[in-house]
Amino acid sequence: MSKLQRKREQELIQVTTKNGRRKRPRHRGPVRIFRATFSSFFYNERIHQPLEFENYVKIARVARSEADIRRIRVRLEEKGRRHFRYWLRKHLNVHLDRRVQVNFEKEQRAERQIEQAYASVRRLMMRRIDRRWVAENLPSGKMSFAKKRRKHGRK
Amino acid sequence: MAENRLIPPTRLLKIDLDITVDNSWLEHYRCLAGLILAFFGLQATVIRIVPSRNRGYHVSIYLDKFVPAGFANMLQWLLLDDHGRVDFDRARINVGFPEWCKFFEARAR
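A.B. asks: Could you clarify how one ought to interpret the interface of chain A and chain B in this entry?
C.D. replies: Quoted interface sizes are often the accessible area lost when the parts come together. The interface is formed by 26 residues belonging to chain A together with 18 residues belonging to chain B. When the buried area of chain A at its contact with chain B is split by residue, Asn103(A), Glu105(A) and Trp133(A) rank highest and sum to 27% of it. At the junction of chain A with chain B, the criterion picks out six salt bridges. There are ten residue pairs in polar contact (both at pLDDT 80 or more) connecting chain A and chain B. Broken down by secondary-structure element, the contributors of at least two residues to the side of chain A that touches chain B are strand S1 (31-44), strand S2 (49-62), helix H2 (66-92), strand S3 (101-104), strand S5 (118-129) and strand S6 (132-144) of chain A. Take the side of chain A that touches chain B: its biggest share by element is six residues, from S6(A). Partitioned by chemical class, the residues of the side of chain A that touches chain B number eight nonpolar, three polar and 15 charged.

As structure tokens, this is what we get:
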């Protein structure tokens, strides 16, 4: 028996349910990495300096078609904007009065084809010192993107 | 130039040219890029020029060797990358942000 045949047989065993029916393995499409940058300016009256806050959001999601990519981008933009404003208000007491700019990078196929429910967020604060931008690390974290499906139970 | 250990070396230069020019000028740009890289003992394996979302071009240059991030940023500056972008990239490199160089896509309307 060839290696390939043995592998197929193993897969068959794995996807066969208790009542003998064969479950079809569902191929939902490739997992791609979505990268978005959220940024906004804030003028600090106390130090008389402009500050720029940047959030770099990264998440691996299944996207088969361009419509899928567009849909995920729209969702990411919506969630990311809210998260950006909320985080600044909560942790730095910064109330942004300007628009939050959102930019997306081209999606790449993920090395590990595993979908993520949480997006990783890296945060930087930029300030001008001697006419140059100087970045400062802010605590990184994660942002919930999708509810995880439970294996058992309705909720 | 202080190199950050957190950032892996790169082989790819991403340059944002904010002006649309004649095709013949772009050919000269390719030659110039080759000369600048040769000055530093490097060679470009591929130079890809694509129109950017607003105006101008996005240039991707693949090098034959890996170079440190700070040096790559300096090469981008020499190859006429947007100056504001170079300054931002330098700041990102200094705090050890591995994805310091970004190319944004056009937004779907």
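Additional details are given in the paragraphs that follow.
A.B. asks: Explain the environment of Gly70(B) here, please?
C.D. replies: Mapped onto the secondary structure, Gly70(B) falls in helix H2 (residues 69-78). According to the relative accessible area criterion, Gly70(B) is buried, its value standing at 10%.

A.B. asks: Would you take a moment to explain the nonpolar core for this structure?
C.D. replies: Looking at soluble globular proteins, one finds that nonpolar side chains tend to be buried together. One finds Phe53(A) and Leu76(A) to be the most contacted residues of the largest nonpolar core, which totals 27 residues. For this core, the elements supplying multiple residues, two or more each, are S1, S2, H2, S3, S5 and S6 of chain A. The element contributing the most residues to this core is H2(A), with six residues. Not counting residues up to four positions away in its chain, the partners in contact with Phe53(A) are Phe38(A), Ser39(A), Ser40(A), Phe42(A), Phe84(A), Leu88(A), Leu92(A), Val94(A), Leu124(A), Met125(A) and Leu138(A). Formed by 26 residues, the second largest nonpolar core is a distinct cluster that contains Leu17(B), Tyr57(B), Leu63(B) and Ala72(B).

A.B. asks: What is the right way to look at the pairing of S2(A) in this model?
C.D. replies: Looking along a regular strand, one sees the side chains alternate between the two faces of the sheet. All names here are of chain A. Burial analysis of S2 places twelve of its 14 residues in the buried class, the great majority of the element. Where S1 meets S2, 14 bridges bridge the pair, whose relative direction is antiparallel. Residue pairing for S2: Phe 34 is matched across the bridge by Ile 59. From the end of S1 to the start of S2, which pair antiparallel, there are four residues, and His 48 there has a positive phi angle of about 50°. Pairing geometry for S2 and S5, over eight bridges, is antiparallel. Within the sheet, the bridge partner assigned to Asn 55 lies in S5 and is Arg 123.

A.B. asks: Which parts of the structure should I look at to understand unusual backbone geometry?
C.D. replies: Glycine aside, residues mostly have negative phi, and peptide bonds are mostly found in the trans state. Residue and element names in this part refer to chain A. Non-glycine residue His 48 carries a positive phi angle of around 50°. Its place among the elements puts His 48 in the loop between S1 and S2. A positive phi angle, near 65°, is found at Arg 131, a position not held by glycine. Within the secondary structure layout, Arg 131 lies in the loop between S5 and S6.

What counts and what doesn't
- Residues numbered from 1 in each chain as written.
- Chains lettered and ligands numbered in written order.
- Predicted model: local features only at pLDDT ≥ 70, side-chain atom pairs only at ≥ 80, totals over all residues.
- Heavy atoms only, no water.
- Contact = heavy atoms within 4.5 Å.
- Buried area = accessible area lost by both parts, 1.4 Å probe.
- Salt bridge = Lys/Arg side-chain N within 4 Å of Asp/Glu carboxyl O.
- Polar contact = N/O pair within 3.5 Å; in protein donor to acceptor, adjacent residues only side chain to side chain.
- Helix = DSSP H or I, 4+ residues; strand = E, 2+ residues; numbered from the N terminus.
- Nonpolar A, V, L, I, M, F, W, Y, C, P; charged D, E, K, R; others polar.
- Buried < 20%, exposed > 50% of the residue type's maximum accessible area, 1.4 Å probe, protein only.
- Core = buried A, V, L, I, M, F, W, Y, C linked by side-chain atoms within 4.5 Å.
- Pairing = 2+ DSSP bridges.

Distances and angles like these do not, on their own, reveal function.
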